[in-house]
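# Observations on chain architecture
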Amino acid sequence: MLDTITTTATKPALRRSDWYKSATRWTQLTLAEDDPIRFDPEQWIDIFRRTQSNATCLSAGGYIAYYPSKVPLHYVSKYIGDTDPFGRLVEGARSLDMHVMARVDPHAIHQDAADAHPEWIAVDKDGNPRRHWAYPSVWVTCAYGDYNNVFMLDVVKEIARDYDIDAVFANRWQGHGICYCESCKSRFGAETGHDLPVTTSIDDPAWQAWQGWRRKVLTNMVIAWDKAVKAIKPHASFIPNMGGASLMEFDLALIEKHCPFLVVDHQGRRGLEPVWMSGRNAKRMRATFPERPIILITSVGPEEAHRWKDSVTTGPEIQSWMMNGAAHGMLPWFTKFNGVVPDERWIEPVAEAFAVHADLEPVLAPMTATAEIALIEPSTTLKQFSPEERRAVEADDLGFYHALVEAGLPFEMVSDEAMTVEKRSRFKVVVLPTAVCLSAAQCALLSDHVARGGSLIAAPETATRTPDGARRTEIGLAETLGVQLRAHVRGPVKNTYIALSDTHPVNTGYGGARRIIGGTRLLDVAVTGKAETPFLFVPDFPDLPMEEVYPREEAHAPAVILAENAAGGRTAHVPWNLGATFWEVLAADHGRLIENLVRWTLKDAPAVCVEGPGVMDVATRADENGMAVVLFNLTNPMMMKGPIRSLEPSAPQTVTVRLPEGKADANVRLLVAGRTAEVEKEGMMLRIDVPSVELLEVVHLTWA
């Protein structure tokens, strides 16, 4: 039974412009065209109530209007008759004192609009207007021209003027790749001097120019829509649907000014995807905007490529995805496609998860995420890479992320673009799995971190390109890492190995093995300073014929380079794709190496660590009165591939917490179990027993 958490503090009255601060549990209903004659609005108002939702996002207009729109060429549902489904739902939500956001989708138009304005249609590289890939009766719109910047502005103004809403939310607003319409051709050429690109490579100048031009156009669109909403309702905002990569669509200062909160559209797992991907969204967004509320959209249906959108997945899967996000500070939002509810199995799981969130909110919401370890979110790199290149680069990050989860170590993420001395100094260890493109200023900030006694772990291609994507002749952090670039990365290479050299904490735990699996992308570096090399490359050799599979030379080139300066700052350079190889193969040796590197660079025992059978995703939050260690149980046969069939309670876990300086002891409760925890104190360390975790547990420490 969950603890009932009470507070005697009186909540200060919020200004209306701060409405979003009390919008912490969201229901989204995305209507189908025939819903006006098929769905029951009263059922949805009851669902708002049952789930303790305090905010809702409702289909309003764009592709189809669910209200009697008067904007010319704004297609209104042919089933609407004399009803107003959007208006009725708004009234019902307001009767429950809920906040309301109107959803618009501008990515497609019907034939009448296409006939009247063919310039609104996106064009492919062969010059063909783009039919919708899933519904060829309609047309895909150009996101960069008058459709979004003129027509949709009128739609947004009408909704803001005629309905009691707090925001307008846009889905599929960024366009679908490069548009080759005449407007895009002429404007792009005039501003950049390039023809529209036909490739999506970081080494194509036209692609680089397109990335910047698109970012500028979309940023200006967000500003225009936000100003249009505020001109009618000063407290309200335009909120673009986003994901971690969507941050690359904007100048960050403009998000800071125009987006009071961020909505991440990562609705569930697809294919092979671990549950922790949900909470990773929180860290990625917080990497750039640590103080901004972040909301995660969770679908009640499966999110596979074949898109069974009007369906229901298992309750444990819904709860796991939603609550892993919540464990890392994301506000929960569930979405249902189609107002008709033929399968109600999702309602109770959502209500249960929302109830847990409501009970934990008074403790967790005032606290701030904290950790000793930071992964660098490579925003500078992602801005230069195409979506395909981003996925390849991201593998290194995912490998490091998974290894730290398996190690039971809490960690945060920091964007290289938002990196400051203050943010950097919060962490003892900074890990750069994928920061290929870094500026001289960014490199200087990281070097200063080491000079002041902090630690750094750098993966192979770190700082090997400039911010605009050009290859460097020397690694930007070469002096700090004590290495010299001899040749840029080569690969993919098969059948590679690294040999254990000498004895060092970084190569312990391998059970007497003399070598382990190597990587597939190798950087050639030389050691320039005083360093240790606990692993050496075995020169790669053939993988076929089988009779030829043997090393020709002894191991000699450095595969892990470790150094320590006079201030105690430690560095580790790994000139091969350790993270990506671990992510692809999940070899235990690579997970161990990542954990060993992190523990060695930490120098001291971690401030918080979780040990026990299974896998726990750990988050830590703190304020001046105490700390919360959030344990999310990943120990499930469906951890890497959903849907989860049932929740599997974990074996006992031990949470170790170092008391902060000046604190002598703590009172400790397990909030979900609803009882006092058993604690042993050894010096400044507390060892807390957690008998079991079904899905989520919060170890709440109040400083004594």
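Located above this text is the structure these notes cover.
Moving on, we get to the nonpolar core. Within the largest apolar cluster, 154 residues are counted, with the highest numbers of intra-cluster contacts made by Phe-86, Tyr-144, Trp-346 and Leu-597. The greatest single-element share of this core, amounting to 11 residues, is contributed by helix 7 (residues 205–232). For Trp-346, the residues in contact, after removing those within four places along its chain, are Trp-44, Ile-47, Val-300, Val-312, Ile-318, Phe-334, Lys-336 and Val-341. Ranked by size, the runner-up nonpolar core spans 27 residues in total, among them Ala-371, Val-450, Ala-463 and Leu-485.

A word on a negative patch on the surface. Taken together, the side chains of Glu-678, Glu-680, Glu-682 and Asp-689 make up a negatively charged region of the molecular surface. One can find Glu-678 in strand 29 (residues 678–682). In this structure Glu-678 comes out as exposed when scored by relative accessible area, which is 55%.

Relative to each other, helix 17 (residues 578–585) and helix 18 (residues 588–602) sit at 140°, their axes nearing to 9 Å. As far as their axial angle goes, helix 18 and helix 17 are oblique. Considering how the two elements wind past one another, helix 17 and helix 18 form a crossing that is left-handed. Contacts between helix 17 and helix 18 pair Leu-578, Thr-581 and Phe-582 from the former with His-590, Gly-591, Leu-593, Ile-594 and Leu-597 from the latter. Here the residues of the contact of helix 17 with helix 18 are counted per class, giving five nonpolar, three polar and no charged.

Taken in spatial order, the eight strands close into a barrel running 1-2-3-6-7-8-9-10, and their pairing is parallel. Within this sheet the neighbouring strands show an average axis-to-axis angle of 30°, counted without direction. Across two bridges, strand 7 (residues 237–242) lies against strand 8 (residues 262–264) in parallel orientation. The partner of Met-242 across the bridge, within strand 8, is Val-264. Relative to strand 9 (residues 294–299), helix 10 (residues 315–327) is tilted by about 175°, and along the sheet it contacts strand 9 and strand 10 (331–337).

A word on unusual backbone geometry. With an omega dihedral of 5°, the bond running from Gly-491 to Pro-492 counts as a cis peptide bond. Along the polypeptide, Pro-492 turns up in the loop between strand 16 (483–490) and strand 17 (497–500). With omega at 0°, the peptide bond leading from Gly-642 into Pro-643 counts as cis. Structurally, the position occupied by Pro-643 is in the loop between strand 25 (626–633) and strand 26 (653–658). Phi at Arg-172 takes a positive value of approximately 50°, unusual for a residue other than glycine. Checked against the element boundaries, Arg-172 lands in the loop between strand 6 (167–170) and helix 6 (182–192). You can call Arg-172 partly exposed: its relative accessible area is 31%. In this structure, Ala-463 is a non-glycine residue whose phi angle is positive, near 60°. Its place among the elements puts Ala-463 in the loop between strand 15 (455–458) and helix 16 (478–481).

The strand order 13-12-14-15-22-21-20-17-18 describes an open sheet built from nine strands, whose pairing is mixed. Lying at the two open borders of the sheet, with one neighbouring strand each, are strand 13 (412–415) and strand 18 (515–517). Across the sheet, the mean angle from the axis of one strand to that of its neighbour is 20°, orientation sign disregarded. Relative to strand 14 (residues 429–432), strand 12 (residues 373–377) runs parallel, the two being bridged by three bridges. Bridging across to strand 14, Leu-375 finds its partner in Val-431.

On to the side chain of Arg-269. Within the secondary structure layout, Arg-269 lies in the loop between strand 8 and helix 9 (277–288). Among the polar contacts made by the side chain of Arg-269, one reaches the side chain of Glu-317 at a distance of 2.9 Å. A polar contact is formed between the side chain of Arg-269 and the backbone oxygen of Met-639, at a distance of 2.7 Å.

Here is what the cut-offs are and how they apply
Sequence positions are assigned chain by chain, starting from 1 and proceeding in written order. Note on the predicted model: pLDDT of at least 70 is required for a residue's local features to be given, and 80 or more for side-chain atom pairs to be given and counted; whole-chain, interface and lining totals, by contrast, use all residues. Derived side-chain values reflect all non-hydrogen atoms in the structure, with water molecules and hydrogen atoms excluded from consideration. By nonpolar core is meant a set of buried Ala, Val, Leu, Ile, Met, Phe, Trp, Tyr and Cys residues that side-chain atoms within 4.5 Å join together. Buried means the residue's accessible area, taken with a 1.4 Å probe over protein chains only, is under 20% of the maximum for its type, while exposed means over 50%, and partly exposed covers the values in between. Runs of E in the DSSP output that reach at least two residues are strands. Runs of H or I that reach at least four are helices, and both are numbered from the N terminus. The contact criterion used is simple: two residues touch if any of their non-hydrogen atoms lie within 4.5 Å. Patches here are clusters of residues that have more than 30% relative accessible area and form no salt bridge, with a 9 Å joining cutoff for like charges and a 5 Å cutoff for nonpolar side chains (Val, Leu, Ile, Met, Phe, Trp, Tyr). Throughout, the Shrake-Rupley method with a 1.4 Å probe supplies accessible areas, and for residues the shown protein chains are the sole cover considered. Only one rule defines a salt bridge in this text: a Lys or Arg side-chain nitrogen within 4 Å of an Asp or Glu carboxyl oxygen. We count Lys and Arg on the positive side and Asp and Glu on the negative side, and we leave His and both chain ends out. A charge is said to be at NZ when it belongs to Lys, at CZ for Arg, at CG for Asp and at CD for Glu. Comment: axis = line fitted to C-alpha atoms, over the contacting stretch for helices; angle = value between 0 and 180 degrees taken between N-to-C directions. Orientation labels follow simple angle bins: below 35 degrees gives roughly parallel, above 145 gives roughly antiparallel, 65 to 115 gives roughly perpendicular, and whatever is left gives oblique. Take the far helix as the reference: if the near one is turned anticlockwise from it by less than a right angle, the crossing is left-handed, and if turned clockwise, right-handed. Each residue receives one of three labels: charged for Asp, Glu, Lys and Arg, nonpolar for Ala, Val, Leu, Ile, Met, Phe, Trp, Tyr, Cys and Pro, and polar for the others, Gly being one of them. If DSSP finds at least two bridges between two strands, the strands pair. The definition of a polar contact used here is a pair of N or O atoms within 3.5 Å, where within protein one atom must be able to donate a hydrogen and the other to accept one, and adjacent residues in sequence count solely through side-chain atom pairs.

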